[in-house]
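Structural overview
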Protein chains: 4
Amino acid sequence: MLANDRASAALGIEVDDHGPGWARARMVVREDMVNGHDTAHGGLVFALADTAFACACNGWGPVTVAAGAEIAFLAPARLGDELVAVASVRARRGRTGIYDVTVTRGDEVIAEFRGRSAEVRG
Amino acid sequence: MLANDRASAALGIEVDDHGPGWARARMVVREDMVNGHDTAHGGLVFALADTAFACACNGWGPVTVAAGAEIAFLAPARLGDELVAVASVRARRGRTGIYDVTVTRGDEVIAEFRGRSAEVRG
Amino acid sequence: MLANDRASAALGIEVDDHGPGWARARMVVREDMVNGHDTAHGGLVFALADTAFACACNGWGPVTVAAGAEIAFLAPARLGDELVAVASVRARRGRTGIYDVTVTRGDEVIAEFRGRSAEVRG
Amino acid sequence: MLANDRASAALGIEVDDHGPGWARARMVVREDMVNGHDTAHGGLVFALADTAFACACNGWGPVTVAAGAEIAFLAPARLGDELVAVASVRARRGRTGIYDVTVTRGDEVIAEFRGRSAEVRG
């Protein structure tokens, strides 16, 4: 799946490692990723977390998509920062899953993301 | 603010119109925006909504940032789709605000986003 | 459905009116509803909103349950306050729905709730 | 704080143990807690999680309130079920905190809750 993910590639997102229910991805904040406050656009921090989430929830086998997510932005990321997103499954029930993704810069937490996944039928 | 938003510019996001508490923005799903399921990467749909949200919550005057957001993905967007995001304030209390953003493709709702804003002091 | 809702009855929740996709309910904050900060327990404000949501999303016919919800607490409610919750559908797609519920005390917004519904099969 | 929490007492919620950033609470689903689907009212499952969250976020010392929360209902709880909620801090930044609460019935996850806390000034 990731091999075909042109969006993540265009954002320079690299998935270091992944397995059933977990993944780790990274992204450097480029000049074309900052917003009017001179900090990383929240949508791109979300995109990094979402890519890690997608790898984690598809790691079990069946095709699985994001039904939704909630993100809390705890600190701004800045030009040149390397952000790391670690995703892990929290709960699965039927075709539904809950995954937590923490985005950090070194020891500092930048954002906390919680994704809801839905397995696609057939 | 928007004039300096290189991230939104790089994504081709155009803000049609905006005012205190509301904004409308649009984005076309490009080849570098689709993911492994051949649909728009959720992070980029989020980014469109987030840009509309930022314009709406900064329209009152004081610098305001996103504290967090929740998004529900109701239908996939595909290559070439033009997506429109309409943001409007729902409630404000002290330095906190709640904004709703609906992302559509024609008459169809693609995603519902709810953002939480925080006015920056000083 | 509401006729059998002992939980809402025990909380003194009254549903004024409802229809397909909307409902209005009210609740008075009693002595057994306040918490350690001497304000209404957030769970009971949530419960009021959730009851209005349940009436709105079941108003179309098919049995529908809450898959989840997000709530922002904007102001505390106090002993004796009468709270009113107004629910309205925001989007429906397949068996999924998004509903907004605003909880007010007079003109003041106490909480903004967004519920996600799922229609039960068969 | 908990000693004065009449709402939690009225719901029969017992806090087994708690400390800075964590807490464990339990509640039995009573006849006056079930809704029209004959399952526990979602608001009361939320209330149990919210009480555990309040104990966890107030365990550091400063008075702290809930700014908001998101809950996913994964399985229904039924009359007579004993539910256990375990809260733990996920991240803290300035006056803001993120806490996760898992509600279980035996080995089964009933709900996943994520709370956002705000420390009160002064």
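The rules behind the values
Residues numbered from 1 in each chain as written. Chains lettered and ligands numbered in written order. Predicted model: local features only at pLDDT ≥ 70, side-chain atom pairs only at ≥ 80, totals over all residues. Helix = DSSP H or I, 4+ residues; strand = E, 2+ residues; numbered from the N terminus. Buried ≥ 20, exposed ≤ 12 C-beta atoms within 10 Å, placed from the backbone. Contact = placed C-beta atoms within 7 Å. Nonpolar A, V, L, I, M, F, W, Y, C, P; charged D, E, K, R; others polar. Pairing = 2+ DSSP bridges. Least-squares fit on C-alpha atoms with pLDDT ≥ 70 in both. Expected span 1.5 Å × (residues − 1). Axes fitted to C-alpha atoms, helices over the stretch in contact; angles between N-to-C directions.

The helix and strand tally for chain A stands at two helices and six strands. Of the regular secondary structure in chain A, the N- to C-terminal order runs α-β-β-α-β-β-β-β. Along the longest, intermediate and shortest principal axes, the C-alpha atoms of chain A span 45 × 25 × 25 Å. In chain A, buried positions account for 50% of the 122 residues. A separation threshold of at least 6 residues defines the contact pool for chain A, and within that pool the share at least 24 residues apart is 64%.

It is worth spelling out the interface of chain B and chain C at this point. On the chain C side, the residues contacting the 13 residues of chain B number 13 residues. If one sorts the elements of the side of chain B that touches chain C by residue count, strand β6 (residues 108-119) of chain B sits on top with four residues. For the side of chain B that touches chain C, the residue count by class is six nonpolar, one polar and six charged.

Another aspect to go through is the interface of chain B and chain A. Between chain B and chain A, the residue contacts involve 31 residues of the former and 31 residues of the latter. Those elements giving two or more residues to the side of chain B that touches chain A turn out to be α1 (6-10), α2 (42-57) and β3 (64-73) of chain B. In this structure, strand β3 (residues 64-73) of chain A lies alongside β3 of chain B, joined through five bridges in antiparallel fashion. Within β3 of chain B, the residue paired with isoleucine 71 of chain A across the bridge is alanine 69 of chain B.

With that settled, consider the relation of the copies chain B and chain A. Between the two copies, chain B and chain A, the superposition gives an RMSD of 0.0 Å; the rotation angle is 180 degrees and the shift along the axis is 0.0 Å. One copy is carried onto the other by what is essentially a two-fold rotation axis. Within chain B, glutamate 70 of chain B has its C-alpha nearest the rotation axis, a separation of 2.0 Å. A symmetric contact is evident, with 100% of the interface residues of chain B recurring at the interface of chain A.

Along its 17 residues, helix α2 (residues 42-58) of chain A runs 24 Å from first to last C-alpha, staying within 8% of the 24 Å computed at 1.5 Å per residue. With 17 of 17 residues buried, α2 of chain A lies mostly within the body of the structure.

Here we come to the sheet that holds strand β1 (residues 14-19) of chain B. With antiparallel pairing, the twelve strands of this open sheet are ordered in space as β1(A)-β2(A)-β4(A)-β5(A)-β6(A)-β3(A)-β3(B)-β6(B)-β5(B)-β4(B)-β2(B)-β1(B). For this open sheet the edge positions go to β1 (14-19) of chain A together with β1 of chain B, each flanked by a neighbour on one side alone. Geometrically, the sheet is characterised by an average inter-axis angle of 20 degrees between neighbouring strands, direction not taken into account. With ten bridges joining them, strand β5 (residues 96-105) of chain B and β6 of chain B adopt antiparallel strand pairing. Looking across to β6 of chain B, one finds that isoleucine 98 of chain B is bridged to arginine 116 of chain B. Those strands touched by α2 of chain A are β1, β2 (22-28), β3, β4 (82-93), β5 (96-105) and β6 (108-119) of chain A together with β3 of chain B, and its axis lies near 45 degrees from that of β4 of chain A.

Residue and element names in this part refer to chain B. On the secondary structure map, threonine 39 appears in the loop between β2 (22-28) and α2. Each C-alpha atom of the pair threonine 39 and glutamate 108 lies 16 Å from the other, and the pair is 69 residues apart in sequence. In this view, threonine 39 contacts Val34, Pro76, Ala77 and Arg78; residues no more than four positions away in its chain are not counted.

Moving on, we come to the relation of the copies chain B and chain C. Mapping chain B onto chain C calls for a screw motion: a turn of 180 degrees about the axis and a shift of 0.0 Å along it, with 0.0 Å RMSD after fitting. Interface overlap between copies is the fraction of interface residues in one copy that are interface residues in the other; for chain B against chain C it reaches 100%, indicating a shared surface.

Regular strands have side chains that alternate between both faces of the sheet. All names here are of chain B. In the sheet, β3 pairs with β6 via nine bridges, with the strands oriented antiparallel. Paired with glutamate 70 across the bridge in β6 is arginine 114. Counting the residues that bridge the hairpin from β5 to β6 gives two residues, and of these glycine 106 lies at a positive phi of roughly 60 degrees.

Moving on, we get to the sheet that holds strand β2 (residues 22-28) of chain C. In space, the twelve strands of this open sheet follow the order β1(C)-β2(C)-β4(C)-β5(C)-β6(C)-β3(C)-β3(D)-β6(D)-β5(D)-β4(D)-β2(D)-β1(D), with antiparallel pairing throughout. Strands at the two margins of the open sheet, each flanked by one partner only, are β1 (14-19) of chain C together with β1 (14-19) of chain D. Across this sheet, the average inter-strand angle for adjacent strands is 20 degrees, counted without regard to direction. By the bridge criterion, nine bridges tie strand β4 (residues 82-93) of chain D to strand β5 (residues 96-105) of chain D in an arrangement that is antiparallel. Directly across from alanine 87 of chain D, in β5 of chain D, lies its bridge partner valine 101 of chain D. On the sheet, helix α2 (residues 42-58) of chain D packs against β3 (64-73) of chain C together with β1, β2 (22-28), β3 (64-73), β4, β5 and β6 (108-119) of chain D and is oriented at approximately 45 degrees with respect to β4 of chain D.

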